[in-house]
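# Survey of secondary and tertiary structure
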Amino acid sequence: MSSLIKLKDINKYYKVGKEKFHVLKSLNINIEEGDFVMIMGKSGSGKTTLMRMINRMLDPTSGELTIDGKNVKDFNEVELRRKIGYVIQQIGLMPHMTIYENITMVPKLLKWSNEKRREVAEKLIKMVELPESFLDRYPSELSGGQQQRIGVIRALAADQDIVLMDEPFGALDPLTRESLQSVVKNLQKKMGKTFVFVTHDMDEAIKLADKIAIMDKGELVQFDTVENILLNPANDFVKNMIGEERLSEAQFDMNTVESIMLKNPIKININSNLRTAINMMHNNRVDTLFVVDDNEVLLGALDAFALRNVDYKLGVSISDRIKRADAIPVDTKIKAALYYINDLQHRNLPVIDDEGRLVGLITRAAMVDCLYHNFWSDYEPEDSGVVVTDGYVAEDNDEVR
């Protein structure tokens, strides 16, 4: 993907009387085409100032902001804003216009034909799960959530490549907000547009973003994928924004099995005989051997209990005794592996790389250790006043012998 929006050494100063405020401090951000980027920070961090520079509602004091390689200062301001969708918390629908007229405001200014405007309006209103009959209604006849859906599709009606959203769902109730978040993410995926979205809600950012830019006092603290920010927060400020609970869940939800698997599991070559296999099981105190070919590709497994009636002294090949072994890729998330171990009752799971080679093993014990370290390690049981000794339960006032 190419860099669609690029901010290079952006600074912004405001003067209030004799005082000079440094609102944005040497920002460098590259936003690629098709990205969903969330800008996060506390009040006064500069996140809205940054976003408003993209459509030239504000100009930087110094530095360069380009869109598709062209400096925004070289665009006609009005034409630029018609190329960029904009959604705000206040929605901004024109009360005297129908929903159809609101949606097609920019296409009409661009002199699109009536047929094309109607086609776009009908297509978009279906995409946000509202009936076509709403096109003839006025904003006052719609709920707040429905009006905000119209605000979102109005920002897409002229087929803009970039959509800016400034805390658009902040005033909505939690259920409506969650529903609209899903609508926006689906729209962005289907249409392949570049979204820049300002929020102060970390849960919203995690749900929607491909990348998150975290700002503090005008500085960019961290700009990275959601996964990298959750797993590798840059400093204590980012950790505090994420929160301890989310950090613990992230380690469990986003880490892959590679981080907890046992490396170099006990295995045997397909050309070996049963006698060798039985000896390996005995010496390593395992009841399962994974069978691989000369390239370490996993072929299956041998089960000790299935071999108890076989005369291994004959040196029989193991090729006709192996059974299927369900395996998981090395990039499988730990949370998914838990489903296999717990819900599907696998005792263990071999781990394979992209070439099908055996590289590790996930055991139930490893999974329990992972759960403990992520969720229970800080747990301290309350003092119940009960002491357990040698199977005898004693109260505090009992003499323990």
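Here's what I pulled together on the structure shown here. (Residues numbered from 1 in each chain as written. Predicted model: local features only at pLDDT ≥ 70, side-chain atom pairs only at ≥ 80, totals over all residues. Heavy atoms only, no water.)

Moving on, we come to the pairing of strand β7 (residues 162–166). Most of β7 is tucked away, with five of its five residues classed as buried. Here strand β6 (residues 84–88) runs beside β7; their pairing, made up of five bridges, is parallel. Pairing of Gly85 across the sheet is with Val163, part of β7. Strand direction decides the pairing type here: β7 and strand β8 (residues 194–199), joined by five bridges, are parallel. Residue pairing across strands places Met165 opposite Phe197, the latter belonging to β8. In the classification by handedness, the crossover that spans β7, the intervening helix α7 (residues 174–191) and the parallel β8 is right-handed. (Buried < 20%, exposed > 50% of the residue type's maximum accessible area, 1.4 Å probe, protein only. Helix = DSSP H or I, 4+ residues; strand = E, 2+ residues; numbered from the N terminus. Pairing = 2+ DSSP bridges. Right-handed = clockwise from strand over helix to strand, strands pointing away.)

What follows covers the sheet that holds strand β12 (residues 267–269). The three strands lie next to each other as β12-β13-β14, forming an open sheet whose pairing is mixed. The open sheet is flanked by β12 and β14 (298–303), the only strands paired with a single partner. Across this sheet, the average inter-strand angle for adjacent strands is 35°, counted without regard to direction. Relative to β12, helix α12 (residues 274–284) is tilted by about 165°, and along the sheet it contacts β12, β13 (288–292) and β14. (Axes fitted to C-alpha atoms, helices over the stretch in contact; angles between N-to-C directions. Contact = heavy atoms within 4.5 Å.)

Glancing now at the pattern of salt bridges. Close approach of charged atoms allows side chains of opposite charge to pair. Inspection of every chain in the model, using the stated rule, returns 15 salt bridges. Of the charged contacts, one joins Glu204 and Arg177 as a salt bridge, the two residues approaching to 3.3 Å between their closest N and O atoms. Of this pair, Glu204 sits in helix α8 (residues 202–208) while Arg177 sits in helix α7, and the two are 27 residues apart along the sequence. The pair Glu204 / Arg177 is uniform in exposure class, with both members buried. Lys323 is the salt-bridge partner of Asp303, the closest N and O atoms lying 3.2 Å from each other. Here the residue Asp303 occupies a position in strand β14, and Lys323 occupies one in the loop between β14 and β15 (328–329), the gap between them amounting to 20 residues. The class for Asp303 is buried, based on a relative accessible area of 14%. Taking the relative accessible area as the measure of exposure, Lys323 reaches 40% and is therefore partly exposed. Shared partners join several salt bridges into a network, and the residues in it are Arg56, Asp59, Glu77 and Arg81. (Salt bridge = Lys/Arg side-chain N within 4 Å of Asp/Glu carboxyl O.)

Turning next to the sheet that holds strand β5 (residues 70–71). Read from one edge to the other, the open sheet built from four strands follows the order β2-β1-β4-β5, with strand pairing classed as antiparallel. In the strand order of this sheet, the two ends are held by β2 (19–32) and β5, each with one partner. For strand β1 (residues 3–16) and strand β4 (residues 62–67), the ladder comprises five bridges, and the chain directions are antiparallel. Looking at the pairing, Ile5 lines up with Ile67 of β4.

Let's shift gears to a nonpolar patch on the surface. A cluster of nonpolar residues, Tyr14, Val16 and Phe21, forms a patch on the protein surface that exposes about 260 Å² of accessible area. With respect to the secondary-structure elements, Val16 resides in strand β1. When its relative accessible area of 53% is taken as the criterion, Val16 is described as exposed. (Patch = residues over 30% accessible without salt bridge, like charges linked within 9 Å, V, L, I, M, F, W, Y side chains within 5 Å. Areas by Shrake-Rupley, 256 points an atom, 1.4 Å probe, with all protein chains shown as cover.)

Here we come to the packing of aromatic side chains. For the coordinates displayed, the defined rule picks out two aromatic pairs. Here the aromatic rings of Phe36 and Phe195 are separated by 5.2 Å at their centres, their planes lie at 40°, and the arrangement is tilted. A residue pair is termed long-range when its members are at least 10 positions apart, and Phe36 in strand β3 (residues 36–41) and Phe195 in strand β8 qualify at 159 residues. Summarising the burial analysis for this pair, Phe36 and Phe195 share the class buried. The structure contains a cluster of three or more aromatic residues connected by ring pairs, namely Phe36, Phe195 and Phe197. Taking the ring centre of Trp112 as reference, the NZ or CZ of Lys116 above it sits at 4.1 Å. Here the basic side chain of Arg118 rests over the ring of Tyr100, its NZ or CZ set 4.2 Å away from the ring centre. (Phe/Tyr/Trp six-rings, centres within 6.5 Å; stacked < 30°, edge-to-face > 60°. Lys NZ or Arg CZ within 6 Å of the ring centre and 35° of its normal.)

Okay, the nonpolar core next. Judged by nonpolar contacts, the single largest core of 48 residues is most densely connected at Ile150, Met165, Ile212 and Ile214. If near-sequence neighbours (up to four positions away) are discounted, Met165 is found in contact with Met51, Val87, Val152, Val184, Phe195, Val196, Phe197 and Val198. Residues Leu4, Leu27, Ile84 and Ala213 belong to the second largest nonpolar core, which totals 27 residues. (Core = buried A, V, L, I, M, F, W, Y, C linked by side-chain atoms within 4.5 Å.)

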